[in-house]
Every structure is written in structure tokens, then in C-alpha cells.
Amino acid sequence: MKEGGSGRYRGGGLVSVFEGAPGEPFTSTEVAEAVGCARTTAYKRLRRLAADGDLRTKKVGARGRVWWLPAAGAGTDRPSEGDDTDLDKARQYRAVFEAAFDAILIADDDARYVDANPAACELLGLPYEAVLGERITDFAAPGYDVESAWGDFRSDGLDRGLFPLQRPDGERRTVEFAATPDVLPGRHLAILRDVTERHEARVEAGRERRRAERYQRSLAADAVIEVTFRIPEATVLSDLAAAVGDRCEFEGVVPTSDDRLLHYVTVVGADGDAVAAAAADLPDLAAVRVVTTDDEAALVELDTDRSPARTLTLAGASVRSMTTSGTTTTVVSEIGADADLQELTDRIRAAYPDATIVAKRTLDRPIRTTRQYRDSLTGALTDRQRETLRAAYLGGYFEWPRASSAEDVATAMGIASSTWLRHLRRAEAKLLRWFFEELRSIASTRITSVRVPPCMGIGGTQSSGENGSTDTHRQDELFTQLAHPVRRRVLERLVRGDGEVRAADVAATATDRDRLALRHVHLPKLAYAGYVEWDPDAGTVRRGREFATVEATIELLLANERTLPGSWG
């Protein structure tokens, strides 16, 4: 509806609100209250008046807008039809700027920020007012040449890459940026995205890949370096031994998906529930699980993110053994012959400053032909176990999804499914036991003389030799195995000429406690060292791959048994 004789729209009396205060801005809410109408109605009429040129308007803040009547002499030229469209576009662009998930910053020619969206303020860790006037150099991590990069950006144009950002609180972030110069005269645009987690994950994945490559090379290498560390400070193993008051024997580790290590430890002479209760309050332990327990020992699983084994594993080494004596932990590890020993030492000392190297030697792996490998595998299985494995394999039992169930394969073989599963589990256990012991076992035919630098914990040359001679650590390991009379008795029976002995015969006169210990502690330890081959299903013991290294010592003990101290005779 038109008002007045001029034929121009007068906004239903809205103009009268402004006529009393030319040049003073009003919001649509203030105008609506003054004339007694709804705010949306006032807003529509004000837009119409602004389009006709009767009022001026501008956006204020992210969403606000004001209108005013031009003062006398200020001019009331009607805007072109495109002016309202330009205002809508500007409002739209500002809304995108404010709501963007990525950080958007605008800098002037002096590299000072003149505008920033909320995402940028959050990334920089400052409120909007504090960001304005700051220079790019104020957020660059030490060592980053901002001046040079800014000069290249101004001269070369578009730029993108990674920027090491450091917030005022000291927190460092890695951001991905894309920058465009002169989006307006003297205004330069930068869009930043925080990729810290992604960047760290990529870097860690690269490290993990290199560690895995080093580990695989060490497994396949013809020679490896065995390094023994002594750590005279608290570790997860020494803490556990102190808590339960019994001997702890390290069995091995398994990495988890979240960069932890599951440690498997046998606690001799302790009940599983007692071990779990004692370990529950130990530092660095996330969880404790009792795997098996009996009257002689308990096998427990320790979930921890801090241990010598974890540190060495992350450095690409494999852990062969870990023992404790009081608060001192001794760790035997292996790395490839081409690995960086200094890096390994630095890593273990970063976690355990008092750690020292007490032994170092180079070991040659034996050459094993394919036939020898296959024969040693099949020789460990009974005929029924081999038949069960073969039927399962050919019948698709190991496929996913399974082509045949256990009952299908058992029926085809003419036996009960429970019997078939028992044969299968025992066969699988033997193969896995053989596989992991083969990985850990080293038949050393040559030990190389090595001088350990004083900076690595000890000085001088480690004892060395050729063709079967042993160094100090090897002797320690040997006498550790011989320390228990039950283990000596087993080895003595094999030295006296018995090619194979039955565990029941060795323990014929032993107590029930000793018989349990023989089966669950002593024979597994001898087999782990490679001195014997122990078949728990058949109950038989034979000479192992490393038997030659202990045979001469046993013969010496037998030849002098009458002159040795009581328990050694």
C-alpha cells in the first residue's frame, strides 16, 4: 500500500520512528516496539524502505542488522537493484566463514591477522579479540622459518603444506594449510586443518613398519647380535616377584593393537588367585589374568604399557629371556647384525637410566634345508595327529567360512568328533610349540669376539671363541639350567646313552610335587633352552638341538660325582 502524495512506500508509519533522530541506527526489534507491530513485519517493511532508498542499512556482527535515516545532506540516492543482492551474498559468505569447521584466517601485508573464524580461535587457543593483531610468527614452532616462507608465499602465489603450530599454552599441533594471497587488496587468506592425530598415526605407522622390517630381518638373518642388559631398578617383573615372594620366570610377550604388550610369566610356588591379588595394585599394570594354575606354579598374563620387553620390542629387537634377582632385571635380546646397537641402548636407557650392557655376542644361525624343516615338523606328530591335520586342511576346516565342521571331518574319518578335536588340538599345540621355539632357538656354531665401548655400560672384550666355545653369559645360562637336581637328572639320563627317556621313569621315585614340577616347569625350561625335545603327550624326552653345548659339562659332573658337593654328586 502506498502512503502520502509522493506515491512512495512509507512503511506503515515506520519512517516516523527515524525522523526524530536522523542518522541514529535502530534494530528491527526497536522499530517494532515503537510502532506496535511484530518484529518480522517490521523487518519486511524496513527492507522495503531500504530498497526504495528511504533508509540506509548495514549488517552488524554475525547476524545483526541496523537501519537509519540519512542525515540532511548525506544523500538519499536509491540503491540499485543489485545492492540488496550484494548484501545477501555478503551475509551468506560471512555465515560460511563463521560456521566453517576448518580454521580460516585473514592476514594483512605485515602477516598480522585481521580476521578469524571461531574454528581458528579454537585451534589457536585464543579468543577472537586476542587473535587480531597477532603475527603468524607468534604461532610457529621453534625452528620454522616464517619470514622465508612468507616471502616465498607473497612472491609465488598459492601455497599449501604442513605447518608446525605452537599454541600460547605450549601445545604443539600439526596443521595442513592452503593459502591464497591478495583475495582482496592487502588481504591474504589461509585455511588450516588440524591433522595432528593423522600425522602422528602416519609417522608411527612408518616407525612400526620399519620396526617390523628390522624384526623380520633379524628372524631371517644368518647372524644376529645377542645383547644382555642389566637393569638395577624396578621393572614390572621385579615388582611382581617382590609382591608374590616367589620366583618369576618369563615365558614371552605378545603385542596388542593399542601398542601394549601382553607378558606371560610363570610364578613358581604360588597360587593363581594369590598372584592376581598381589599384582592388582602394581604400577604400570593395566590388567592381570591367570591363564593356568596348579600346586606348583601359576601362568599369568600381564597387560602393561611399560616394561624392558616393550622398550626393546619397539626398537625392533626380540626378547629371548627376562629374569629377576631382587630389584635387578636381566634381559637377553636379539637384533639383526646390521641393526644400530647404539639406538637400542639409547632407547633402553631413556626408559631405565641405570641400565647397562653386560654381554654382547654375534651368533650364526644353522642352515636348515626344506627337507630337514619338514622332517622335524612331521617327526613331532603322531600318525593320527598328522592324519587329523591333513583331513582338516583338505576338508576346508581352516577356511573362513568353514567348508566343513569338526563333526563333518570326524564322521568322514570314522571317529567321534570329541576324539577328532582332541587330536587336532594336540597337533596344533605341537606345531605352534615347535614354531615358536624354533624362532627363539639359536644353535650357535660361532661366537665372534666383541669389544663393548665403555659408554655402553662395560669395558673390555667379552669372552669369545670359535666352534662351540662359550662366553660368560652362555655359561650363566647353562648353570642356571643345571642348578636344579631334577633337570640334571634328566640330562644325565640322556648322556648315559639313553636316546629317549620317559618322564615317568625320571620321576619314578620323586614326590607328587616333584613330578608336577618336572612336567610343568623343568622339562619346558630344558626344551625352551633347546637342550631337550619334550613331547608332553607321549611323555618322552630326547636330545635337543642344543644338547651338545651341555653334554660335556654333564660328563664332567658324572666323572667327578664323588668329589662334588652333596647335592651336585
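Keep in mind it's a predicted model, so treat the numbers as computed, not measured.

The rules behind these values
- Residues numbered from 1 in each chain as written.
- Predicted model: local features only at pLDDT ≥ 70, side-chain atom pairs only at ≥ 80, totals over all residues.
- Heavy atoms only, no water.
- Helix = DSSP H or I, 4+ residues; strand = E, 2+ residues; numbered from the N terminus.
- Buried < 20%, exposed > 50% of the residue type's maximum accessible area, 1.4 Å probe, protein only.
- Contact = heavy atoms within 4.5 Å.
- Areas by Shrake-Rupley, 256 points an atom, 1.4 Å probe, with all protein chains shown as cover.
- Phe/Tyr/Trp six-rings, centres within 6.5 Å; stacked < 30°, edge-to-face > 60°.
- Lys NZ or Arg CZ within 6 Å of the ring centre and 35° of its normal.
- Axes fitted to C-alpha atoms, helices over the stretch in contact; angles between N-to-C directions.
- Parallel < 35°, antiparallel > 145°, perpendicular 65-115°, else oblique.
- Left-handed = near helix turned anticlockwise from the far one by under 90°.
- Nonpolar A, V, L, I, M, F, W, Y, C, P; charged D, E, K, R; others polar.
- Pairing = 2+ DSSP bridges.
- pLDDT = per-residue confidence, 0-100.
- Patch = residues over 30% accessible without salt bridge, like charges linked within 9 Å, V, L, I, M, F, W, Y side chains within 5 Å.
- Salt bridge = Lys/Arg side-chain N within 4 Å of Asp/Glu carboxyl O.
- Core = buried A, V, L, I, M, F, W, Y, C linked by side-chain atoms within 4.5 Å.
- Expected span 1.5 Å × (residues − 1).
- Arc of directions from axis to C-beta.
- Lys, Arg positive; Asp, Glu negative; His and termini not counted.
- Charge placed at Lys NZ, Arg CZ, Asp CG, Glu CD.

J.: Pulling in residues and values, what's your account of the overall build of the protein?
T.: Summing up its helical and strand segments, the protein has 21 helices and 20 strands in all. When burial is assessed residue by residue, the protein has 39% of its 569 residues classed as buried. A separation threshold of at least 6 residues defines the contact pool for the protein, and within that pool the share at least 24 residues apart is 57%. With the model as given, the accessible surface of the protein reaches about 30,400 Å², and the carbon-plus-sulfur share is 51%.

J.: Summarise the packing of aromatic side chains; cite the residues concerned and give the values.
T.: Summed over all chains, the structure comprises seven aromatic pairs. Ring geometry for tyrosine 397 versus tryptophan 420: centroids 5.1 Å apart, planes at 80 degrees, classification edge-to-face. Here tyrosine 397, found in the loop between α14 (383-394) and α15 (406-413), pairs with tryptophan 420, found in helix α16 (residues 417-440); they are 23 residues apart in sequence, far enough to count as distant. A relative accessible area of 3% places tyrosine 397 in the buried class. Members of the aromatic cluster, joined through ring pairs, are Tyr397, Phe398 and Trp420. Above the face of the tyrosine 397 ring, arginine 402 is positioned so that its terminal group lies 3.9 Å from the ring centre.

J.: So what's going on with the packing of helix α9 (residues 236-244) against helix α10 (residues 272-279)? Residues and values would help.
T.: Running from N to C, α9 and α10 cross one another at 120 degrees; their axes reach a closest spacing of 9 Å. Taken together, α9 and α10 sit at an angle that is classed as oblique. Crossing handedness for the pair α9 and α10: right-handed. Residue-level inspection shows Leu240, Ala243 and Val244 of α9 in contact with α10, the latter providing Val275, Ala278 and Ala279. Here the residues of the contact of α9 with α10 sort into six nonpolar, no polar and no charged.

J.: Lay out the sheet that holds strand β9 (residues 247-255) with the relevant residues and their values.
T.: Strand pairing in a sheet relies on backbone hydrogen bonds, with the paired strands running either antiparallel or parallel. Strand order in the open sheet formed by four strands is β9-β10-β12-β11, and the pairing between neighbours is antiparallel. Two strands in the sheet have a free side with no partner beyond their single neighbour: β9 and β11 (285-293). Direction aside, neighbouring strands of the sheet carry axes that sit 25 degrees apart on average. Bridge count for strand β10 (residues 261-268) against strand β12 (residues 297-304) is eight bridges, and the pairing is antiparallel. Bridged to leucine 261 within β12 is threonine 304. Sheet contacts for α10: β10, β11 and β12; angle to β11, the most-contacted strand, approximately 175 degrees.

J.: Before we move on, can you summarise the side chain of serine 28 with the specific residues and values?
T.: By the element assignment, serine 28 lies in helix α2 (residues 28-35). Once residues lying within four places of it in the same chain are set aside, the contact partners of serine 28 are Arg39, Ala42, Tyr43, Leu46 and Trp67.

J.: How would you explain the confidence of the model for the protein if you had to name every residue and give the values?
T.: Taken residue by residue, the protein gives an average pLDDT of 78. The fraction at 70 or more is 80%. Contacts from residues 1-9, a stretch scored under 50 in pLDDT, to residues over four places away or in other chains number 19 contacts. Across residues 442-470, confidence stays below pLDDT 50; counting only partners more than four residues off in sequence or on other chains, it has 72 contacts.

J.: Describe in detail the sheet that holds strand β6 (residues 172-184), supporting the description with residues and values.
T.: Read across the sheet, five strands follow the order β4-β3-β7-β6-β5 without closing on themselves; strand pairing throughout is antiparallel. What marks the edges here is a single partner per strand, and that holds for β4 (113-116) and β5 (159-166). Geometrically, the sheet is characterised by an average inter-axis angle of 30 degrees between neighbouring strands, direction not taken into account. Each of β3 (103-107), β5, β6 and β7 (187-194) touches helix α7 (residues 146-156); the most contacted strand, β6, lies at about 35 degrees to it.

J.: Pulling in residues and values, what's your account of the environment of glycine 252?
T.: Mapped onto the fold, glycine 252 is located in strand β9. Classification of glycine 252 as buried rests on a relative accessible area of 10%. With twelve residues separating them along the chain, glycine 252 and tyrosine 264 place their C-alpha atoms 5.4 Å apart. The residues touching glycine 252, leaving out its near neighbours within four places in the chain, are Leu262, His263 and Tyr264.

J.: Describe unusual backbone geometry, with residues and values.
T.: Of note, the bond from tryptophan 400 into proline 401 is cis; its omega dihedral lies within 30 degrees of zero at -5 degrees. Relative to the helices and strands, proline 401 resides in the loop between α14 and α15. Although it is not a glycine, alanine 111 adopts a positive phi angle of roughly 65 degrees. The exposure class assigned to alanine 111 is buried, which follows from its relative accessible area of 4%. Positive phi outside glycine occurs at aspartate 182, with the angle close to 55 degrees.

J.: Mind laying out a nonpolar patch on the surface, listing which residues take part and the relevant values?
T.: A surface patch of nonpolar side chains, about 370 Å² in accessible area, is lined by Tyr393, Leu394 and Phe398. Relative to the helices and strands, leucine 394 resides in helix α14.

J.: I'd like to hear about the nonpolar core, residue by residue, with values.
T.: Ranked by size, the top nonpolar core spans 36 residues in total, and within it Leu240, Cys248, Val265, Val267, Val275, Leu312 and Leu344 carry the most contacts. In terms of residue count, the dominant contributor to this core is α9 (five residues). Discounting residues that sit within four places of it in the chain, leucine 344 has contacts with Phe229, Leu312, Ala315, Ala317, Ser333 and Ile335.

J.: Any details on helix α3 (residues 39-52)? Residues and values, ideally.
T.: The end-to-end C-alpha distance of α3 is 20 Å, a good match for the 20 Å that 14 residues give at a rise of 1.5 Å each. Listed in full, the buried residues belonging to α3 are Ala42, Leu46, Leu49, Ala50 and Asp52. With its buried residues spanning 155 degrees around the axis, α3 presents them on a single face. Tucked inside the fold, the buried residues of α3 contact α1 (15-19), α2, β1 (56-60) and β2 (64-68).

J.: Lay out a negative patch on the surface in plain terms, naming residues and giving numbers.
T.: Taken together, the side chains of Asp145, Asp152, Asp156 and Asp159 define an acidic patch exposed on the protein surface. Mapped onto the elements, aspartate 145 comes out in the loop between α6 (128-131) and α7. A residue is classified by how much of its surface remains accessible, and aspartate 145, at 46% relative accessible area, is partly exposed.

J.: How would you sum up the pairing of β11? Please name residues and give values.
T.: One ladder, built from seven bridges, connects β11 with β12; its direction is antiparallel. Note that in β12 the partner of valine 290 across the bridge is valine 300. Between β11 and the antiparallel strand that follows it, β12, lie three residues.

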